[in-house]
Amino acid sequence: MKKGIIILFAATLGLAACNNYKKGEGDMLYKIYKSEGKEKIKEGDFVKLNGIQIIETKTNGDSTLVNTYDQDRPAFFPISKSLFKGDMAAALKLMGEGDSASFKLNLDSMAKYSGQPKPASAKTNYATFTVKIEKVLRKKANEPDSLFEKDKRAFFETEYKGLIAKNKGTEEAKIKKYIADNNIKATTSASGLMYEIKTPGDAERAAMGDTVMVNYTGRFTSKKSNGKDNVFDTSDEKVATAAGVHSPMAKYGPRPIVMGQVVPGFNEGLSMIGKGGKIILVMPSKLAYGENGGGPINPFTPLVFEVELTGIKKAKAPVATAPVAGAPATTTAVPTAPVAPVKK
């Protein structure tokens, strides 16, 4: 895990006012919510945890940077030597297995030692992490480093296989519940795609190779821990801001997508509507990212997209050329959207 441990992996259960926090080392502030009284985490331990990282922004209130609960994916990492006084490693060493706590860590110090810039929108100089320690794996006395590394790999693989099995076993139920809860009048295609055409659009349909302009919002079927829709990507800036996934680097508005270079469920759905058309797509994982997942999307994760097709640019007739030795048979799309529907 290198320097990214400082800010990439943390977890949160809630926030508290600064005057309720105790002073830790360096600029760290902390508050222990629950202590099981077990041995404290130390350098070299391997930790599984859950939670959220939040910063307070100047314009949009709190911004959630990481939430392992909403992603349904706990974090795993080794506890390294502290890079500065009051960093995440130092904070976690105040805890033991089963404990939960909140920490406020200095953003300037985090940026300096992690190599990742301080968010320009930050209102204060602190990021808040609230962490629940799920499991601590410790090196046994006199255990060779090579064996401990093997233990860590086995522990991670066992946990990850459990996550995959859980997702696979609950996928169908998640889809049914989402459709019922949202009153979607779904039709199921031969492939298993569930869809509701809200507006068919004009008569022209996109074919493979065509470039379409789309507005879309992608959601997980489960709600966020705060009860809101679990949006993971969108071309709508207002939706992104409300969902806490706004990125100053993103270009919002209709995005170009090449038919055939996106996940199967997206290809199929787009072929059902014309310009001006709108459709809701409920994709089982086999039509999305499948058993391997991708990015923030776990294996066996069903996805929901609301899509509006705003334009179609027909592909030019292909020019026959001899294949280049060693070249791949097909090209991979360069994503125009941060996550969704580009095929891996």
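Because the structure is predicted, anything quoted here is derived from the model rather than measured.

Engineer: Looking at this model, I keep getting lost on the overall build of the protein. Mind explaining?
Structural biologist: What the protein contains, in helices and strands, is seven helices and 14 strands. Residues classed as buried in the protein amount to 44% of the 344 residues present. Put simply, of all contacts in the protein between residues at least 6 apart along the chain, 71% involve residues at least 24 apart. Total accessible area computed for the protein in this model is approximately 18000 Å², and 55% of it derives from carbon and sulfur atoms.

Engineer: So what exactly am I meant to see when it comes to the confidence of the model for the protein here?
Structural biologist: Parts of the model with low pLDDT should not have their predicted coordinates read in detail. With 85% of its residues at a pLDDT of 70 or more, the protein shows a mean pLDDT of 84. When the criterion is pLDDT under 50, residues 1–18 qualifies, and its contacts beyond four places in sequence or with other chains add up to 73 contacts. Between residues 319–340, whose pLDDT stays under 50, and residues either more than four places distant or in other chains, the model counts 24 contacts.

Engineer: I keep staring at helix α5 (residues 145–181) and nothing clicks. Help me out?
Structural biologist: Every α-helix winds through 3.6 residues per turn, so residues three or four apart in the chain are directed the same way. Under the 1.5 Å per step criterion, the end-to-end length of α5 is 51 Å for 37 residues, consistent within 8% with the ideal 54 Å. Where α5 bends most, at Thr-170, the angle is about 45°. Taken together, the buried positions of α5 are Phe-148, Lys-152, Phe-155, Leu-163, Asn-167, Glu-171, Ile-175, Tyr-178 and Ile-179. In the segment just after α5, Asn-183 is the residue with positive phi, at about 50°.

Engineer: Sorry, what's going on with the pairing of strand β9 (residues 194–199) here?
Structural biologist: Note on strand geometry: in a regular strand, side chains alternate between the two faces of the sheet. Relative to β9, strand β8 (residues 187–188) is paired through two bridges, and the arrangement is antiparallel. Within β9, the residue paired with Thr-188 across the bridge is Met-194. Hairpin connection, β8 to β9: the antiparallel pair is bridged by five residues, and Gly-192 has positive phi, about 105°. Relative to strand β13 (residues 278–283), β9 runs antiparallel, the two sharing five bridges. The partner of Glu-196 across the bridge, within β13, is Ile-280.

Engineer: Please clarify how unusual backbone geometry should be interpreted in this entry.
Structural biologist: Where the residue is not glycine, phi is negative for most of them; where a peptide bond is considered, it is trans in most cases. Of note, Asn-183 is a non-glycine position whose phi angle comes to about 50°, a positive value. Relative to the helices and strands, Asn-183 resides in the loop between α5 and β8.

Engineer: Explain the nonpolar core here, please?
Structural biologist: One recurring pattern in soluble globular proteins is that nonpolar side chains are buried together. Counting 28 residues, the largest nonpolar core has Val-212, Phe-266, Leu-281, Met-283, Phe-305 and Val-307 as the members making the most contacts within it. Of all the secondary structure elements, the ones that give two or more residues to this core are β10 (211–220), α7 (264–270), β13 and β14 (303–313). In terms of residue count, β14 provides more of this core than any other element does, five residues in total. Other than its neighbours up to four places away in sequence, Val-212 contacts Ala-206, Arg-255, Pro-256, Ile-257, Met-259, Leu-270, Leu-309, Gly-311 and Ile-312. Ranked by size, the runner-up nonpolar core spans 27 residues in total, among them Tyr-30, Val-47, Phe-103 and Leu-107.

Engineer: Can you walk me through the environment of Gln-261 in this structure?
Structural biologist: Within the secondary structure layout, Gln-261 lies in the loop between β12 (255–258) and α7. Residue class for Gln-261 comes out partly exposed when judged on its relative accessible area of 24%. Gln-261 sits 53 residues away from Met-208 along the chain, and the two C-alpha atoms are 8.7 Å apart.

Engineer: Got a minute to help me understand the side chain of Asn-67 in this structure?
Structural biologist: By secondary structure assignment, the location of Asn-67 is in strand β4 (residues 62–67). Using a relative accessible area of 7% as the deciding quantity, one classes Asn-67 as buried. In contact with Asn-67, not counting residues within four places along its chain, are Gly-51, Ile-52 and Ser-225.

Engineer: Is there a simple way to explain the side chain of Thr-234 in this structure?
Structural biologist: The residue Thr-234 is located in strand β11 (residues 231–234) in this model. Here Thr-234 falls in the buried class, since its relative accessible area comes to 2%. Within the structure, the side chain of Thr-234 is placed 3.1 Å from the backbone oxygen of Tyr-216, a separation counted as a polar contact.

Criteria and cut-off values
Residues numbered from 1 in each chain as written. Predicted model: local features only at pLDDT ≥ 70, side-chain atom pairs only at ≥ 80, totals over all residues. Heavy atoms only, no water. Helix = DSSP H or I, 4+ residues; strand = E, 2+ residues; numbered from the N terminus. Buried < 20%, exposed > 50% of the residue type's maximum accessible area, 1.4 Å probe, protein only. Contact = heavy atoms within 4.5 Å. Areas by Shrake-Rupley, 256 points an atom, 1.4 Å probe, with all protein chains shown as cover. pLDDT = per-residue confidence, 0-100. Expected span 1.5 Å × (residues − 1). Bend = angle between axes of the 7 residues up to and from the residue. Pairing = 2+ DSSP bridges. Core = buried A, V, L, I, M, F, W, Y, C linked by side-chain atoms within 4.5 Å. Polar contact = N/O pair within 3.5 Å; in protein donor to acceptor, adjacent residues only side chain to side chain.

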